[in-house]
Amino acid sequence: MEDGFSASKLFNQGYSYTYDDVIFLPHYIDFPTDAVSLSTHLSRNIPLSVPCVASPMDTVSEAHMAAAMAALGGIAIVHSNCTPSQQASIVRSAKSLSLPIAPSVAFSSPNGSLPLASDGKYVFVTESGSLPSKLLGYVSTSDCDNLKGKEVKIFDYMRDCKSVEYVPWNYDLAKIEAILDEKKSDFVVLERDGEVVNVVIKDDLLTLKGYPKLGAGTVGSDGEWMVGAAIGTRESDKERLEHLVKAGANVVVLDSSQGNSIYQIEMIKYVKKTYPQLDVIGGNVVTMSQALNLIQAGVDGLRVGMGSGSICTTQEVCAVGRGQATAVYKVASIAAQHGVPIIADGGISNSGHIVKALVLGASTVMMGSFLAGSTEAPGAYEYKNGVRVKKYRGMGSLEAMTKGSDQRYLGDTAKLKIAQGVVGAVADKGSVLRFIPYTIQAVKQGLQDLGASSLSSAHELLTSGTLGLEVRTGAAQVEGGVHGLVSYEKKSF
């Protein structure tokens, strides 16, 4: 009895399909949702309990995102749109955030001025104006009420640190809560090697306790969070790599929009020869031949996607790329033969897209816009038309390229810069510690409907032809979403 198409038949008809173009037919359920395991591998030697990866973008992945994603059981790849020493500092900072709280406070250097735009109760003054750094003092935003708009130097107005409670960086939630209660303090400062690595406000602690319970997280053999980092393929990136290895980076991603190049192949061989214990992920690729070249060069993982991100214009500008569903299926089919995990990078807008990416052969999904706008994403919130937003920009945007990301598009030596991305804004999503657990639960329910209790069983059902797929018409896609209502409110959890 034939019903639906097998994946091999569907993806060999000459069409380039996106996630929304295809739909899986339901299969047989003989297990509860809680029995679904999403344990997977980012690369050959990096296991994850959750298949979620934060993209190496400068409006997505820095220290707080890296710590939060690791705490959830996933991982973040720290962007390289900064100096090597700055990137290494971000990696070290992420590993020191044993309590993955992004504090609702502001930080300033001693040269800063008041009043300072801040939604939080405090402004902490550090030597560098950020973390990690030495704490010099702090200002309560209520102290600024009598300034009446007058600008004063923060250093002359701040309180000293005599009453500040310092605790070791690796104190857990219970210990910090006990100290706050005992000392009747509103905050504690977490310190490591003489530098402040985080500040925990009592209000933030209460908020964290209200989030879904965290598991063991993605922890390395040293007991610290696992953190990835992006590098390029230029000669100067060898020095960057050295900084990152010393900082404790657990995996590196060669960050390129088109990874099938002599530059990347040579860098893969250099990394594997110089740091044989370090996993290296190559990409981006969308074809089987691209993937095979990098596999033969020695990659431990592959990043799949070209022009499918919400802020990426590569397909429009350069006329190259591939629909993401087709790309993931094709690359996975060759990578699986060599035991190389693949990361589906781009095009993730909802939990259904994650299900499709994973079942089509990906081991993990890499997310940019899905995580942008969260509490842990870099940048300050602002208001646009009454909506609280954060900036989100493509690494191929001209704005990002001026900071160095043009190397990713092999354009750093070009006389004329051509944008392959845009700058935008996304609405405040709250903390990833809150919304990712609900997303993961939705993914588990999707796999249950397909009769797959694990990613390996999902891949087996697909490759054996047991799972049926179909292409959705435009009308079917409309019917598959909310429709026919004058107004509605959509809440996923």
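As a reminder, the structure under discussion sits directly above these lines.
About the criteria used
- Residues numbered from 1 in each chain as written.
- Predicted model: local features only at pLDDT ≥ 70, side-chain atom pairs only at ≥ 80, totals over all residues.
- Heavy atoms only, no water.
- Pairing = 2+ DSSP bridges.
- Helix = DSSP H or I, 4+ residues; strand = E, 2+ residues; numbered from the N terminus.
- Axes fitted to C-alpha atoms, helices over the stretch in contact; angles between N-to-C directions.
- Patch = residues over 30% accessible without salt bridge, like charges linked within 9 Å, V, L, I, M, F, W, Y side chains within 5 Å.
- Areas by Shrake-Rupley, 256 points an atom, 1.4 Å probe, with all protein chains shown as cover.
- Salt bridge = Lys/Arg side-chain N within 4 Å of Asp/Glu carboxyl O.
- Buried < 20%, exposed > 50% of the residue type's maximum accessible area, 1.4 Å probe, protein only.
- Phe/Tyr/Trp six-rings, centres within 6.5 Å; stacked < 30°, edge-to-face > 60°.
- Parallel < 35°, antiparallel > 145°, perpendicular 65-115°, else oblique.
- Left-handed = near helix turned anticlockwise from the far one by under 90°.
- Contact = heavy atoms within 4.5 Å.
- Nonpolar A, V, L, I, M, F, W, Y, C, P; charged D, E, K, R; others polar.
- Right-handed = clockwise from strand over helix to strand, strands pointing away.
- Core = buried A, V, L, I, M, F, W, Y, C linked by side-chain atoms within 4.5 Å.
- Expected span 1.5 Å × (residues − 1).
- Arc of directions from axis to C-beta.
- Polar contact = N/O pair within 3.5 Å; in protein donor to acceptor, adjacent residues only side chain to side chain.

On to the sheet that holds strand β11 (residues 166–168). With mixed pairing, the three strands of this open sheet are ordered in space as β11-β12-β13. In the strand order of this sheet, the two ends are held by β11 and β13 (195–201), each with one partner. Each neighbouring strand pair of the sheet contributes to a mean axis angle of 35°, computed without reference to strand direction. As judged from the three bridges shared by β11 and strand β12 (residues 187–192), these two strands associate in the parallel manner. Considered in β12, the bridge of Y166 is made with V189.

What follows concerns a nonpolar patch on the surface. There is a patch of nonpolar side chains on the surface, built from V482, L485 and Y488 and spanning about 310 Å² of accessible area. Structurally, V482 can be placed in the segment after α16 (474–479). What makes V482 partly exposed here is its relative accessible area of 41%.

On inspection of all chains with the given rule, the structure shows 14 salt bridges. As a salt-bridge pair, E242 and K246 come within 3.2 Å of each other at their nearest N and O atoms. Of the two residues, E242 and K246 are both situated in helix α7 (residues 236–247); the distance of four residues between them amounts to about one turn of the helix. One salt bridge in this structure joins D255 and R303, with 2.8 Å as the shortest N-O distance. With D255 in the loop between β15 (251–254) and α8 (262–274) and R303 in strand β17 (residues 301–304), this pair connects stretches of sequence that are 48 residues apart. On the accessibility criterion, R303 (3% relative accessible area) is buried. One continuous salt-bridge network, built from bridges that share partners, spans R44, K272 and D300.

On to the packing of aromatic side chains, then. Two measures describe an aromatic ring pair: the distance that separates the ring centres and the angle between the ring planes. Applying the stated criterion across every chain, the model contains eleven aromatic pairs. For the pair Y122 and F124, a centre-to-centre distance of 6.0 Å together with 45° between the ring planes defines the contact as tilted. Comparing Y122 with F124 shows no difference in burial state: the two are buried. Through successive ring pairs, a cluster of aromatic residues spans F107, Y122, F124, Y138 and F187.

Attention now moves to the packing of α8 against helix α9 (residues 288–297). Put simply, α8 and α9 touch, their axes get as near as 9 Å, and they point 25° apart. On the basis of their axis angle, the class for α8 and α9 is roughly parallel. Like other packed secondary-structure pairs, α8 and α9 cross with a definite hand, here right-handed. In this structure, α8 uses Q264, I265, I268 and K269 to contact α9, whose residues at the interface are N293, L294 and A297. Class assignment for the residues of the contact of α8 with α9 results in four nonpolar, two polar and one charged.

Attention now goes to the pairing of strand β5 (residues 75–78). Taken residue by residue, a regular strand's side chains alternate between the two faces of the sheet. Neither face of β5 is open: one carries I75 and I77, the other A76 and V78, and all of them are buried. Looking at chain direction, strand β4 (residues 52–54) and β5 are connected through two bridges and run parallel. Note that in β5 the partner of A54 across the bridge is A76. This β-α-β element, β4 to helix α2 (residues 63–72) to β5, shows right-handed connectivity. As judged from the two bridges shared by β5 and strand β14 (residues 228–231), these two strands associate in the parallel manner. Across the sheet, residue I77 finds its bridge partner in β14, namely G228.

Here we take up the nonpolar core. If you look at the biggest cluster of nonpolar residues, it comprises 114 residues, and the most contacted ones within it are F11, L302 and L371. Counting residues per element, this core draws most heavily on α2, which supplies nine residues. The contacts of L371, once residues within four sequence positions are left out, are A54, V60, M65, M69, A377, V432, F435 and I436. In this structure, I77, A230, I281 and M366 belong to the second largest nonpolar core, which totals 13 residues.

A few words now on α7. Here α7 is twelve residues long and its end C-alpha atoms lie 17 Å apart, about the 16 Å a rise of 1.5 Å per residue gives. Restricting attention to buried positions, one finds in α7 the residues D237, R240, L241, L244 and A247. Taken end-on, α7 shows its buried residues confined to a sector of 120°, consistent with a single buried face. Of the surrounding elements, those touching the buried residues of α7 are α3 (84–96), β14, β15 and α8. Positioned one or two residues after α7, G248 has a phi angle of 100°, which is positive.

A separate point is the sheet that holds strand β16 (residues 279–285). Two pairing modes exist for strands in a sheet, parallel and antiparallel, and in both the strands are linked by backbone hydrogen bonds. Strands sit in the order β4-β5-β14-β15-β16-β17-β18-β19 around a closed barrel of eight strands; the barrel is parallel. Each strand of the sheet is rotated relative to its neighbour by a mean of 25°, with strand direction disregarded. Here β16 runs beside β17; their pairing, made up of four bridges, is parallel. Residue pairing across strands places G283 opposite R303, the latter belonging to β17. Its contacts with the sheet place α9 against β16 and β17, and it is angled at close to 160° to β16.

When you tally the buried positions in helix α12 (residues 351–359), you get seven out of nine residues, the bulk of the element. By the burial criterion, the buried members of α12 are H353, I354, V355, K356, A357, L358 and V359. Each element contacted by the buried residues of α12 is listed here: β1 (22–24), α11 (324–335), β18 (342–345), β19 (364–367), α14 (432–449) and α15 (455–463). Taking the backbone nitrogen of G352 as reference, a side-chain oxygen 3.1 Å away marks N350 as the first, capping residue of α12.

Remark: α9 packs on α11, axes separated minimally by 9 Å, with the N-to-C direction vectors making an angle of 40°. Along this stretch, α9 crosses α11, giving a crossing that reads as right-handed. Residues M288, A291, L292 and I295 of α9 touch α11, and the partners they reach there are K330, V331, S333, I334 and A335. A class-by-class count of the residues in the contact of α9 with α11 yields seven nonpolar, one polar and one charged.

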